[in-house]
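The primary structure of each chain is shown beneath.
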Amino acid sequence: MIKFNIFDGIGTMLIIFCVEVFIVIGAMIIDFASGIHKAKLSGEIRSSYGLKRTMSKFILYVGGLCIACGIDSIFFVSQLWGLIGLSLLTKIPVVSTLVAIFSCVIEFRSVWEKAEDKHRKKAGETLDLLLSMVDKQTLIKSLSESLASAGKHENKYTHGKHK
């Protein structure tokens, strides 16, 4: 009976892959929770659109990781890393790791951008509120009074020096 040893050691690679999947899912959960938290703080409506987008992202990321795991498995079974002189990489899911890192970086950026967008939006709303409270006539009057007052102070200062 012939025994094939081409799958010896693939378990280690698959364990690493499972850990990567859990890390990516954790990053997605953090991004989702951050989005909900920021929406609550800013009083925005939370709809099923965000959940739908998160589910699409989940399918995309986990699907991409599964395809990457398939590529790593092909590299493992075919001993491709050994053929190109990189046999140290045989039991390491290189492609899966790169996809997992890329996914986590995207999630980190997403959390970061959400925080910035919310602050920018809030500042814009505050400016709009201030502008709506002040009409053009009030603004012109205030500027005129400020310029007149500044002119009086300047005249006092310059005339006081010459005396």
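The rules behind these values
Residues numbered from 1 in each chain as written. Predicted model: local features only at pLDDT ≥ 70, side-chain atom pairs only at ≥ 80, totals over all residues. Heavy atoms only, no water. Helix = DSSP H or I, 4+ residues; strand = E, 2+ residues; numbered from the N terminus. Buried < 20%, exposed > 50% of the residue type's maximum accessible area, 1.4 Å probe, protein only. Expected span 1.5 Å × (residues − 1). Polar contact = N/O pair within 3.5 Å; in protein donor to acceptor, adjacent residues only side chain to side chain. Contact = heavy atoms within 4.5 Å. Core = buried A, V, L, I, M, F, W, Y, C linked by side-chain atoms within 4.5 Å. Salt bridge = Lys/Arg side-chain N within 4 Å of Asp/Glu carboxyl O. Axes fitted to C-alpha atoms, helices over the stretch in contact; angles between N-to-C directions. Parallel < 35°, antiparallel > 145°, perpendicular 65-115°, else oblique. Left-handed = near helix turned anticlockwise from the far one by under 90°. Nonpolar A, V, L, I, M, F, W, Y, C, P; charged D, E, K, R; others polar.

A count of helices and strands for the protein chain gives five helices and zero strands. Each helix (α) and strand (β) of the protein chain, taken in turn from the N terminus, gives the series α-α-α-α-α. For the protein chain, with 163 residues in total, the buried portion stands at 20%.

For helix 1 (residues 10-42), built from 33 residues, the straight-helix expectation of 48 Å at 1.5 Å per residue is met to within 8% by its first-to-last C-alpha distance of 48 Å. Taken together, the buried positions of helix 1 are occupied by Ile-10, Met-13, Phe-17, Glu-20, Val-21, Val-24, Ala-27, Met-28, Asp-31, Ser-34, Gly-35 and Ala-39. At the C-terminal side of helix 1, Gly-43 shows a positive phi close to 75°.

The next subject is the side chain of Ser-96. By the element assignment, Ser-96 lies in helix 4 (residues 94-133). Within the structure, Ser-96 has its side chain in polar contact with the backbone nitrogen of Cys-69 (distance 3.2 Å). Look past the residues within four positions of Ser-96 in its chain and what remains in contact with it is Phe-17, Glu-20, Leu-65, Ala-68, Cys-69 and Asp-72.

In this section: the nonpolar core. Within the largest apolar cluster, eight residues are counted, these being Phe-17, Val-21, Val-24, Met-28, Tyr-61, Leu-65, Cys-69 and Ala-100. For this core, the elements supplying multiple residues, two or more each, are helix 1 and helix 2 (48-78). Sort the elements by how many residues they give to this core and helix 1 lands first, with four residues.

Before going further, it helps to spend a moment on the pattern of salt bridges. By the definition in use, this model includes two salt bridges. Across the pair Lys-57 and Asp-31 runs a salt bridge, and its minimum N-O distance is 2.5 Å. Taken together, the residues span a long stretch of sequence, with Lys-57 in helix 2 and Asp-31 in helix 1 at a distance of 26 residues. You'll find Lys-57 and Asp-31 in the same group, each marked buried. Put simply, Asp-31, Lys-57 and Glu-107 are held in one network by salt bridges that share partners.

It is worth spelling out the packing of helix 1 against helix 2 at this point. Interhelical geometry of helix 1 versus helix 2 gives an angle of 165° and a closest axis separation of 11 Å. When the axes of helix 1 and helix 2 are compared, the pair comes out roughly antiparallel. Read as a crossing pair, helix 1 and helix 2 show a hand that is right-handed. When the residues that make up the contact of helix 1 with helix 2 are grouped by side-chain class, the tally is 17 nonpolar, three polar and four charged.

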